[in-house]
Amino acid sequence: MLQTVATPGSLPETHAMLAKLGSACLIAGGTAVMPTLNGGTDEFTSLVSLRAAGLSGVSIKDGSALIGAATTLSDLADVPALGFLVPALETIASPTIRNMATVGGNLFVKQPYGDLAACLIALGATATVSDGTNTRIDPVEKLVASRLGAGEIVTQVSFALPAEGSFKFTKAGRKAMNAAAIVTVAAVVTATDGTVTQCRIGLGGVAECAVRARSVEEALTGKAFDRVHVTEAAQQAERDIEPFDDSYASAWYRARVTPVHIRRALIGE
Amino acid sequence: MKHSVVALTINGAERQMLVAPGTTLLDALRESQGLTGTRRGCDQGACGACTVIVDGKTMMACLLPVETIDGATIDTIESLTPMDGLHPIQEAFLEGFATQCGFCTSGMIMATAGLLAKNPDPSREDAVRAISGNICRCTGYEAIIDAVLDAAARMRAAKRDKAA
């Protein structure tokens, strides 16, 4: 049963509160934590809210985006320089939930949710993690797999803005809006004279956390950016994913369609 | 377990309430303030029946621990209804037969209010997107989407009349 809800006014106060309260759960937008709490849980006895800790806001500097971890998905979509992310953000839940859900929280929601993590992996984003004394900077793909240690807080996510038109995204779900992922594909592809010189691909919905499709990236880099080579490279995805069964799709189906959606994301057909 | 005092501006009036840890905004509105127009559906953020406007943005009241939003301004379905008659959104829902059992209606109307505050002339897709977090298990979506667009037209007309 919940004993305390704290809303500290700064990051140091938040760390102090986490250290003071036993069995505390961090809460930002509440869209993942509150369903658990409302359903009844013994997993934690206190909540520490990040709402007033000063971790929201976006700044664009020298071609990079610095995003406070408590920035909501709606506020993120309103930043003109991040317009390329809007089609991806609009596939995440509903506008009402996006007014609440945060960038930091979205990293840790259970699959098949958390599509922004796949986007951040494709963008080569890093996350700043504070333990109250020190900070470390982890690639997002590492952080979503390792998750946070006790007393740690994600304070910021940052990435270099991709070249115009290089960010690709597609999401397969059971309905057009407000759907969980069967497969989510995000990618940043750079091609010079028709040859792929750089690519990073993030996948959601096909493993315990969002993952990087390194095998596909390796297979595609240096190849012609066309249907034949993209189709061939996308087949390598089975080495990067560990799909699961849920009420939306079977693991078999996810594995079967992942290469198709990678191709559709990359070349639009 | 320590109770705490939370101050909110609810439908224009300043309210203070004593709440147990983890009390949701939904519970505070329904149980403490008697504002039962905001519905409890799933308690999971999945149905949208508890949609209210918090500091100008639509949010789900079941997902907000009220202690974390001390000082916020809340508008519920009750704030929309004038002393006499109905709000244009309510009129559009009523006259367009956009309510069947009516359970989802207050959430649908608040989601519509949130949309029209930002976008007075929405497309059909904008309307669908705006209510994509609200579930109607009578599945009367077409009539609801029509009502959202009709409400937008009524509000634009009212604004034009006022300006003229």
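The rules behind these values
- Residues numbered from 1 in each chain as written.
- Chains lettered and ligands numbered in written order.
- Predicted model: local features only at pLDDT ≥ 70, side-chain atom pairs only at ≥ 80, totals over all residues.
- Heavy atoms only, no water.
- Helix = DSSP H or I, 4+ residues; strand = E, 2+ residues; numbered from the N terminus.
- Polar contact = N/O pair within 3.5 Å; in protein donor to acceptor, adjacent residues only side chain to side chain.
- Contact = heavy atoms within 4.5 Å.
- Buried < 20%, exposed > 50% of the residue type's maximum accessible area, 1.4 Å probe, protein only.
- Pairing = 2+ DSSP bridges.
- Phe/Tyr/Trp six-rings, centres within 6.5 Å; stacked < 30°, edge-to-face > 60°.
- Lys NZ or Arg CZ within 6 Å of the ring centre and 35° of its normal.
- Axes fitted to C-alpha atoms, helices over the stretch in contact; angles between N-to-C directions.
- Domains from an automatic or database assignment.
- Buried area = accessible area lost by both parts, 1.4 Å probe.
- Parallel < 35°, antiparallel > 145°, perpendicular 65-115°, else oblique.
- Left-handed = near helix turned anticlockwise from the far one by under 90°.
- Salt bridge = Lys/Arg side-chain N within 4 Å of Asp/Glu carboxyl O.
- Nonpolar A, V, L, I, M, F, W, Y, C, P; charged D, E, K, R; others polar.

Next up on the list: the side chain of A:E217. All names here are of chain A. You can see E217 is positioned in helix α9 (residues 214-220). In terms of polar contacts, E217 uses its side chain to reach the side chain of R212, at 2.9 Å. Excluding residues that lie within four positions of it along the chain, E217 makes contacts with C199, R200, I201 and R212.

Once that is clear, we can look at the pairing of strand β3 (residues 51-54) of chain B. Remark: a regular strand shows side chains that alternate across the two faces of the sheet. All names here are of chain B. Side-chain alternation along β3 places T51 and I53 on one buried face and V52 and V54 on a second face that is also buried. Where β3 and strand β4 (residues 57-60) come together, four bridges link them in antiparallel fashion. If you follow V54 over to β4, its bridge partner there is K57. Hairpin geometry of β3 and β4 is characterised by an intervening segment of two residues between the two adjacent antiparallel strands and by a positive phi of about 45 degrees at D55.

In this structure the tally under the stated criterion is one aromatic pair over all chains. Here A:F84 and A:F167 contribute two aromatic rings whose centre-to-centre distance is 5.3 Å and whose plane-to-plane angle is 70 degrees, an arrangement assigned as edge-to-face. One end of the pair, A:F84, is in the loop between α3 (73-77) and α4 (86-89); the other, A:F167, is in strand β9 (residues 167-172), and 83 residues separate them in sequence. By relative accessible area, which is 24% here, A:F84 ends up partly exposed. Above the face of the B:F103 ring, B:R39 is positioned so that its terminal group lies 5.9 Å from the ring centre.

Residue and element names in this part refer to chain A. If you walk across this open sheet you meet the three strands as β1-β3-β2, and the pairing is parallel. The outermost strands of the open sheet, each flanked by one partner alone, are β1 (4-6) and β2 (24-27). Sheet twist, expressed as the mean angle between neighbouring strand axes with direction ignored, is 20 degrees. Sheet topology note: the β1/strand β3 (residues 46-49) ladder contains three bridges and is parallel. Within the sheet, the bridge partner assigned to T4 lies in β3 and is S46.

A few words on the domain arrangement of chain A. Residue and element names in this part refer to chain A. Annotation of chain A at the domain level lists domain 1 (4-49), domain 2 (58-160) and domain 3 (167-267). Here the C-alpha centre of domain 2 lies 19 Å away from the C-alpha centre of domain 1. Taken together, the contacts link nine residues of domain 1 with twelve residues of domain 2. Note on domain 1 versus domain 2: buried area summed over both sides is about 750 Å², and carbon and sulfur give 80% of it.

Time to look at the packing of helix α4 (residues 105-118) of chain B against helix α6 (residues 141-163) of chain B. All names here are of chain B. It is the contact of α4 with α6, at a shortest axis distance of 11 Å, that shows an interaxial angle of 45 degrees. The pairing of α4 with α6 is recorded here as oblique in orientation. Here the hand of the crossing between α4 and α6 comes out right-handed. Taking contact as the criterion, the partners of M108, T112, L115 and L116 in α4 are, on α6, Y141, I144, V148, A151, A152 and M155.

Moving on to the domain arrangement of chain B. Residues and elements named next belong to chain B. In terms of domain boundaries, chain B breaks down into domain 1 (4-79) and domain 2 (88-163). The C-alpha centroid of domain 2 is placed 22 Å from the C-alpha centroid of domain 1. Contact with domain 1, which involves 15 residues of that partner, is made by 13 residues of domain 2. Carbon and sulfur atoms make up 64% of the surface buried where domain 1 meets domain 2, a total of about 1000 Å² over both sides. The largest per-residue losses of area from domain 1 upon contact with domain 2 belong to R39, T51 and I77, which jointly make up 43% of the total buried on that side. Here domain 1 is connected to domain 2 by zero salt bridges. Viewed at the interface, domain 2 and domain 1 are joined by five residue pairs in polar contact (both at pLDDT 80 or more). For the side of domain 1 that touches domain 2, the secondary structure elements donating two or more residues are β3 and β4. Across the side of domain 1 that touches domain 2, the residue classes tally to six nonpolar, six polar and three charged.

Counting from both sides, the interface comprises 27 residues of chain B and, opposite them, 29 residues of chain A. Buried surface at the junction of chain B and chain A, summed over both partners, amounts to about 2300 Å²; 59% is from carbon and sulfur atoms. For the pair chain B and chain A, the interface holds two salt bridges. Between A:D75 and B:K57 there is a salt bridge; the shortest N-O distance is 2.7 Å. One can count seven residue pairs in polar contact (both at pLDDT 80 or more) joining chain B with chain A. Residue assignment for the side of chain B that touches chain A shows that the elements contributing at least two residues are β4 and α5 (124-130) of chain B. Looking at the side of chain B that touches chain A residue by residue, the class counts come to eleven nonpolar, nine polar and seven charged.

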